[in-house]
Amino acid sequence: MREKLKRKQKEIIKNDKEDFEFMTMLNELPDVRAPRKLKKELYRELGIFYFPLHKRILSLVGLFIFTGAMYLFVQRLFHKFAGNFSLEALLKYMSLVYEKLLQFISVIKAGRHLQDVLFAFTNPWMLFGFSFVCSILILVFLGLMKERIQKETILVKLR
Amino acid sequence: MKEDINVIKEIRNGKKNEFAWIVKKYEDRLYSFVLRMVRNEEDALDLTQESFIKAFSSVDKFDERYSFKNWLFTIASHHTIDFLRKKGKISESQLVDKDIGKPFISHIDRIIADERTKKLEHEIEQLPENYRMVILLKYKEEMKIEDVAKIMEIPVGTIKVWLHRARAQLKKRMAK
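Residues numbered from 1 in each chain as written. Chains lettered and ligands numbered in written order. Predicted model: local features only at pLDDT ≥ 70, side-chain atom pairs only at ≥ 80, totals over all residues.

Chemist: For this particular structure, what's the right way to read the overall build of chain A?
Modeler: A tally of helices and strands in chain A yields five helices and zero strands. In chain A, the order of α-helices and β-strands from amino to carboxyl end is α-α-α-α-α. The buried share among the 159 residues of chain A stands at 3%. (Helix = DSSP H or I, 4+ residues; strand = E, 2+ residues; numbered from the N terminus. Buried ≥ 20, exposed ≤ 12 C-beta atoms within 10 Å, placed from the backbone.)

Chemist: So what exactly am I meant to see when it comes to the packing of helix α2 (residues 36-46) of chain A against helix α2 (residues 19-38) of chain B here?
Modeler: Relative to each other, α2 of chain A and α2 of chain B sit at 140°, their axes nearing to 11 Å. One element, α2 of chain A, and the other, α2 of chain B, form an angle in the oblique class. Two packed elements cross with a definite hand, and for α2 of chain A against α2 of chain B that hand is right-handed. Mapping the contact onto sequence places L38, K39, L42, Y43 and L46 of chain A in α2 of chain A and F19, A20, V23, E27 and Y31 of chain B in α2 of chain B. Broken down by class, the residue content of the contact of α2 of chain A with α2 of chain B amounts to eight nonpolar, no polar and two charged. (Axes fitted to C-alpha atoms, helices over the stretch in contact; angles between N-to-C directions. Parallel < 35°, antiparallel > 145°, perpendicular 65-115°, else oblique. Left-handed = near helix turned anticlockwise from the far one by under 90°. Contact = placed C-beta atoms within 7 Å. Nonpolar A, V, L, I, M, F, W, Y, C, P; charged D, E, K, R; others polar.)

Chemist: Is there a simple way to think about helix α8 (residues 145-152) of chain B in this case?
Modeler: Two residues of an α-helix separated by three or four positions point the same way, owing to the 3.6 residues in each turn. All names here are of chain B. Buried within α8 are the following residues: D147, V148 and I151. For α8, the buried positions fall inside an angular range of 100° around the axis, keeping them on one side. Directly after α8, the chain includes E153, whose backbone phi takes a positive value near 55°. (Arc of directions from axis to C-beta.)

Chemist: Got a minute to help me understand helix α7 (residues 129-140) of chain B in this structure?
Modeler: Helix length check: α7 of chain B (twelve residues) gives 15 Å between terminal C-alpha atoms against 16 Å at 1.5 Å per residue, within 8%. Immediately downstream of α7 of chain B, the backbone of E142 of chain B shows phi near 50°, a positive value. (Expected span 1.5 Å × (residues − 1).)

Chemist: Help me understand the confidence of the model for chain A in this model?
Modeler: Residues shown with low pLDDT carry predicted positions that ought not to be read at fine detail. On average, residues of chain A score 81 in pLDDT, and 92% of them reach the 70 mark or higher. Element-level pLDDT for chain A is lowest in helix α1 (residues 2-27) of chain A, with a mean of 76, against a maximum mean of 86 in α2 of chain A. (pLDDT = per-residue confidence, 0-100.)

Chemist: Sorry, what's going on with the nonpolar core here?
Modeler: Residues and elements named next belong to chain B. Core analysis: the largest hydrophobic core is formed by 43 residues, its most contacted members being Y31, V34, L72, A76, V134 and L137. When residues in this core are grouped by element, the largest group, eleven residues, is from α2. In contact with L137, other than residues within four places in its own chain, are F73, M143, V148 and I151. (Core = buried A, V, L, I, M, F, W, Y, C linked by C-beta atoms within 7 Å.)

Chemist: Teacher, can you tell me more about unusual backbone geometry here?
Modeler: A negative phi angle characterises most non-glycine residues, just as the trans form characterises most peptide bonds. Residues and elements named next belong to chain B. In this model, E142 sits at a positive phi of 50°, which is unusual for a non-glycine residue. Here E142 lies in the loop between α7 and α8. A positive phi is found at E153, a non-glycine position, where the angle reads about 55°. In this structure, E153 sits in the loop between α8 and α9 (156-175). Look at E153 and you get exposed, because 10 C-beta atoms sit within 10 Å.

Shown next, in the form of structure tokens:
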């Protein structure tokens, strides 16, 4: 009887141990890493702005490197040109730049007018009309010139 | 250390970006649970996304007295059950199941090195859906039987029976 009880007790202990092991195994089943697009699509859908830590660190490091590079560049530039620097020269340079800019703008304006003229000549009637007007104007101009030369000759003769 | 409930309060106060913390905390667990239930990575991804969206949109309805994790898993479980039901109907009516014969080569197989755990994973996969859900919620997610019953909307007694049977089946198959 006692042996039977002992055997039963052993069996229960063994079963409990197995159960425990089994439950631990179930509990320790590994989690599957969710695909990256889950978060990406989810945030887009929910309108959430999320800046992960590693991206924040990378951005800060990037910004730090950029700022450092800019600082060094400006410092070198300043040292290079600091010797030649004077207010008068700067103003002169600025006015020169302004003048060049105005010239550039006027060239662009002239270019636009030229474009209009060219467009006008693409129409044959316009070309014909323009040639007609031009020839009359030239004739008138020549006539006037002739008249003026004659008047000048008369005046010379009178003197 | 942040607590779920504090984050939920912040979300309710308009700081919706805080939901990212919730997603980060539960995405792997929820995705794993759904993946083990539906056995298809794309479906699992969609269902996990939908569950998070539902949780976000109904965060005001969450009762702070209860566990947020359980609430989130309730949403995911309902979505999963609906999905499996629909899928069942479709496959019954069409007599064709596209996923039959499609090997379930998931991340799970790739990350589990231990053969015994691999076998367990495989055996869980073979269980009927209700047994699988009960086992996963009870042992993997360490939920109380009462909570599992609430999540699955099934009496506690039935859950206990399912749990007992699922455990017995698993043990028997594992011993083979």
